Structure formats: C-alpha cells, structure tokens
Amino acid sequence: MKNEKLRNIAIIAHVDHGKTTLVDAMFRQSGLFRAEQQVDERIMDSMDLERERGITIAAKNCSVVWNDVRINIIDTPGHADFGGEVERALSMADGALLLVDASEGPLPQTRFVLKKTLEAGLGTIVIINKIDRKDARPDMVLDEIYDLFIDLGATDEQLDFPCLYAIGRDGIVKQEVNGKENNLHLLFDTILTKIPPPVYDPDEPFQMLVSDLGYSDYLGRLAVGKVKNGHVQANDRLVCIDRNNRQIPLKVTRLQTYQGTALQPVQSAEPGDIVILSGISEATIGDTICTSDAPKALKRINVDEPTISMVFTINDSPFSGKEGKYVQSARIKERLIKETLMNVAIQIEVTDIRDRFVVKGRGEFQLAILIETMRREGFEFCVGRPEVINKYKDGNMLEPIENLYVDCSENYLGVVTEKLSIRKGKMTNLINNGSGRIQMAFSIPSRALIGYRDEFLTDTRGTGIMNAGFAGYDIYRGDFPSRFTGSIIADRQGNAVPYALFNLEPRGILFVSAGEACYEGMIIGEHNREVDINVNPCKEKKLTNIRASGKDDAVVLSPVKPMTIERAINFLRSDEMVEITPKSIRLRKAVLAAQKRRERLSRSA
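Residue indices follow the written sequence of each chain, beginning from 1 at its first position. This being a predicted model, a pLDDT of at least 70 is required before a residue's local features are given, and a value of 80 or more before pairs of side-chain atoms are given or counted; all residues contribute to the totals for chains, interfaces and linings. Processing note: side-chain calculations cover all non-hydrogen atoms of the structure and skip hydrogens and water entirely.

Undergrad: Where do I start with the nonpolar core in this structure?
TA: The nonpolar side chains of a soluble globular protein tend to be buried, and buried together. Remark: nonpolar core denotes a set of buried residues (Ala, Val, Leu, Ile, Met, Phe, Trp, Tyr, Cys) joined through side-chain atoms within 4.5 Å. Exposure is judged per residue with a 1.4 Å probe applied to protein chains only, and the accessible area is read against the type maximum: over 50% gives exposed, under 20% gives buried, and values in between give partly exposed. Ranked by size, the top nonpolar core spans 36 residues in total, and within it Leu-98, Val-126, Ile-128, Ile-145 and Phe-149 carry the most contacts. Ranked by residue count, the leading element in this core is helix H5 (residues 138-151), at five residues. Between two residues, a contact is recorded if the distance between any of their heavy atoms is within 4.5 Å. Ignoring any residue separated from it by four or fewer positions in sequence, one finds Ile-128 in contact with Val-100, Ala-102, Pro-138, Val-141, Leu-142, Ile-145, Cys-163, Leu-164, Tyr-165 and Ala-166. Listed in part, the 32 residues of the second largest apolar core include Tyr-326, Ile-332, Ile-523 and Ala-568. Helix and strand labels come from DSSP, where a helix needs a run of H or I of at least four residues and a strand needs a run of E of at least two; each type is numbered from the N terminus.

So this is what it looks like as structure tokens:
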C-alpha cells in the first residue's frame, strides 16, 4: 500500500551547485515562515564549520507541507569525502532532486551521488540550476546529464526524468529556460506527481532502519530513520536488532517528527514517516528497531570502504597539556569511537601501541573536518601524514585511483600536466572550446593528490578548479617524490626572535612569527632545498659598545600565512606530525631530539 500523505526526497548535487540555497527558498514559499519573519541564509547549514566553509558536511532532515502533503527533505553533502552521509540519507528517501550547475555541468560528485541513487532504484527530478549565469549553457548540460545517466546504466524509467530550470537564489523554478514562472510552485507540484509516495506492507509489524543518530541533553541519544512498515506510538516497548542480530529491549520515551527544521512531538507515526525516537541508548546506524513480538531485521546500510588512513596519538611535545582540556589517550579513543557511531564512513583501528589509533575515512578533507571538530571541543593530540589504504590481489599491490577533473586557463596547461605526470597521472581527456579555458580529465593515484591542492592553486594563480572522485583500485603505479622541499627545524626551546627570523627568511618560507614559542624538533618553516636543516630561531643580536652603520636598522619581517589544518597535513612527510590544540596548529618531527633523528638516519642508511 501507499501513504499518499507523504513524500520523502533527497537533494543531491556536487558541492556548491545550490542545494542548501534552494531548500531555503522551499521553506519560504511553503508558508513555513511568516512574511515579515527574519530568517538566516542557508538554514540547513547549522554547524559552525558548514557556515564558515560554505559547504554541507552532514546530511540533515527537514519538512515542508504543500497541498496537505508533507514533503520530508534530506539535504545531503556535495563533497566526495562525505559520501557516507549520502548513502545514509538515501536509505530514507523515495526519490531524489538532482541539482546541476548550468555552467559547470555534471562533476565527479554528481556522478557519485547519481550512481548511488540509481542503484537504490529511486526516481529522479533533474534541476539545472543557476541559469542566470552569464556562462550558462543549459542545453549542453542537459545532454551531458543524459550521457551520465546512460553511462551509469540507468533504466528506461529512470532515463525518463522530468527536467526543470532554476534560479535557486531567487526561488524560481521554470518548465523552460525562458519560462515566465517566478516561484517554486512548479517544483512542489512536480515532486507530488513524479516522486512516488512511501510503500509499505499492511500485514508487517513496525520496522524502522536507523539512518542517523543525534543527541539531546534532555532526552539522551536520538535515533532517526524512516518507518518501513507498521505504526509506532510513544511509550511503546520495542527491540533494537544490532549487526550481530542481538535483540536489545528499549522503550520509546518520546516520538518526534520534523516540522520545518524543528522537532515536533507526536503521539504516533505512520509508515513512510521520518521519525526521531528517544530512549534508544545502544542503537547505531544500520540497526533495525521493531516490535518485540515479531522481530525482523531490515537490510543494513552498506557504505564504500575508506581509502585514506591517519594516525592519531597523544601530544608528547614540551607544550603538552598547556592549551587543551582533553589530552588523555582514553578520552581521545572515546571521542573517536563516538565519531564512528555517528558517521558510517569513519573507522577506527586500535594498534599495538597503547596511545596510537588509526582512523580511516574517505579523504583527507573528511579527516581534517574531524580534527577541526575535536579541536574546537577542547581536545589536544597529534596526527600523522595521511596514507592511502592499499589492497593485495593475486600477489599484486593495488592502490586507490581517482578520476581527476581540472578546469583552468590554457596558459597553465603545461605546468598542470607536468606536475600531474610526475605524480603518475594519466590524461584521459582534453577539451579546448576556444574560450581561453580548458577542461582536462586524469586517472591518478589518490596518494598523488595529498598535498597537491595548494600547489595547484599556486600554479594556476588561484583561478583553477579541481575535482576528484574515487574510481576504484588499480595496480600500484610506482613511487614518486611527495615533496621537493625540506623542513626548517628549531634546535632548542624558547621564543622566536625577530633578528633570528630575519636572517632565516632567505632559507625558505617561515611558519612562525616573532615572539612565538618554539621547541626542539618543531618545524618553523619550509626549506628551499630538499634537505632538512636545524636552526636557532631564538638567537639574539650581540650587543657591543662599538657604533656601526646599520646597527639600529629596524627589522622588517615578511607576513606569515596563518597555518590551517588542511595546509599542515598536506605539508607533512612520513616522519612528521601535526600538533593540534584548541589554540595552536604546530608542525613537528615525530622524533623531536635532533641527535636521535641523526642516529635513526645513519642506521637507515
């Protein structure tokens, strides 16, 4: 049977193609807000990091009502590193809105999210957004979308998708590019007619797949998911079936649904409803919540395997414990395990070394967001260089490969192809349409992109666009240099002195400012040459009683670019680490003492 009073739809797209902005307009035009009510932009980007970076990191739920039908909307991330959030969100949806930029067209994450949607058998409404751009090419983009559907093996029914044209920022969706519509009514009507209502079996008892977890200071852990079959009421006694088929008894203390972005308590929920259950202390994502009389597990959520790993360990530098609130390995381990419960794409592996944990994820950006989140929560720890996770098959080592798409000025074609070929990249396509910009496609190892993004922006003077998507595993392509520069390392503890830094500037790019605290083994700059050098950043100018010209000249230092987590982990070599505290990001050697580093180097030689 079908529940005609509901529609569950996921909004999917590549990063920055306008998902969250369109959801804002849907809120306003569905009557959720009063006409004079002041509302923030990008309401669904509720995390501080999302607002700062302008991207969606975690999938979130909300709802609007149109013609007495409730439309549950799931806003999904558009960055490839947060693909696990997309897979989790699609488990609650019965259809999808695919947004594509009218100028950029389908990009790597468009392919990824659409592939997952088609595999789930969901119907799709395609919206070509930003048709008001000067460089918009909606007709060509529509042809590219059809090619993408065919390439991904879409069925005839999936290929027969409705296509709409939008200016999401202004809240306009049109049937044709030159249409006269000036609101979103067409979009709402299309959702009601083209997206199927939730289907359920009236003979089955209550079943719900846990697709998301939340936490409330008053209600404890919250389990979010779509009711597959049956009805549920507040205070019902249920069971949770975990991955080992254990049945854990639980009692629903409160039942809530989404009304806009807020949670609304309800007494009961119908099949197809996206509900929030509280009183669920042990549930994890992928578990099934059902009745104790007829327990029956649903198929668990499957996500792609992680491709990148990083070592997390305690901070053992001389400044340990001075800035962080949580520094113990037990606290760090507890926080990482909590992250694996909330994020299905993150895995943690406990090593033989007590204070060392290996965290695995989809990409270095996903792990950088985790590091930044923990840092803001008061944690202090160290992380190592991101490493790719290789596989072995028939005696051959396989490594993860990415499809890399580059859009840049044709003036930078040479430097980009040279750098990528050194990193074992193979060009698979080159398009030059005579506009002055070119589009290139490469097949390249995932490890080659670690540390390359900043270099790419420097080489293209900040005008290049680079997107990558996971393509699978292939034979290991061989070694290549990860960095052509060395590190400038402090050889003692103290505060950096302007006189010393001024004389070190010709050696490379400095990371510390005058007066900043340093310690032995701390990396204070990037050396111009490949070798590391140990320097004294605390050296002061000797005072004499002899007058000399230039003796009292003011020392003017070059400004220091603030260190970010992404920049820090991209800079790392295998023997280096990043010290993360709530106040500071410091680069350091894994072995701090210079004498021990020399001994280790001589033994390896």
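Undergrad: Teacher, can you tell me more about the pattern of salt bridges here?
TA: Two side chains carrying opposite charge are able to pair once their charged atoms lie near each other. We define a salt bridge as a side-chain nitrogen of Lys or Arg found within 4 Å of a carboxyl oxygen belonging to Asp or Glu. Under the criterion given, the structure shown has 35 salt bridges. Residues Glu-119 and Lys-115 are paired through a salt bridge, measuring 3.5 Å at the closest nitrogen-oxygen approach. Of the two residues, Glu-119 and Lys-115 are both situated in helix H4 (residues 108-119); the distance of four residues between them amounts to about one turn of the helix. Of the residues examined, Lys-115 reaches a relative accessible area of 39% and is grouped as partly exposed. For the salt bridge of Glu-377 with Arg-335, the shortest nitrogen-to-oxygen distance reads 2.6 Å. Placement of Glu-377 in the loop between helix H9 (364-376) and strand S21 (381-384) and of Arg-335 in helix H8 (residues 329-342) is noted, with a sequence separation of 42 residues between them. One network of salt bridges, with partners in common, ties together Asp-532, Arg-573, Asp-575, Glu-576 and Lys-589.

Undergrad: How do you make sense of the sheet that holds strand S7 (residues 172-174) when you look at a structure like this?
TA: Within a sheet, adjacent strands bond to each other through the backbone by hydrogen bonds, running parallel or antiparallel. When DSSP locates at least two bridges between a pair of strands, those strands are taken to pair. Read across the sheet, seven strands follow the order S2-S3-S1-S4-S5-S6-S7 without closing on themselves; strand pairing throughout is mixed. Only two strands of the sheet have a single neighbouring strand rather than two, namely strand S2 (60-66) and S7. With direction set aside, neighbouring strand axes in the sheet form an average angle of 30°. Direction of pairing for S2 relative to strand S3 (residues 69-75): antiparallel, over a ladder of seven bridges. Residue pairing for S3: Asn-61 is matched across the bridge by Ile-74. Lines fitted to C-alpha atoms define the axes, with helix axes restricted to the stretch in contact, and inter-axis angles between N-to-C directions lie between 0 and 180 degrees. Seen against the sheet, helix H7 (residues 185-194) touches strand S1 (6-13), S2, S3, strand S4 (95-101), strand S5 (123-129), strand S6 (163-167) and S7 and runs at an angle of roughly 100° to S2.

Undergrad: Even after reading the chapter, I still don't get the state of the cysteines, so can you show me in this structure?
TA: Simply put, the disulfide is a covalent bond whose two ends are the sulfur atoms of two cysteines. A pair of cysteine sulfur atoms is labelled a disulfide when the two atoms are within 2.5 Å. Scanning all chains against the criterion turns up zero disulfides. Considering cysteine sulfurs only, Cys-518 is the nearest to Cys-382, which forms no disulfide, with 16 Å between them. Cys-382 sits in the buried class, given a relative accessible area of 0%.

Undergrad: What am I meant to see in unusual backbone geometry here?
TA: Trans is the prevailing form of peptide bonds, just as negative phi is the prevailing case for residues other than glycine. Unlike most non-glycine residues, Asp-68 shows phi in positive territory, near 65°. Residue placement: Asp-68 occurs in the loop between S2 and S3. Taking the relative accessible area as the measure of exposure, Asp-68 reaches 74% and is therefore exposed. Its identity is not glycine, yet Lys-130 carries a phi of approximately 60°, on the positive side.

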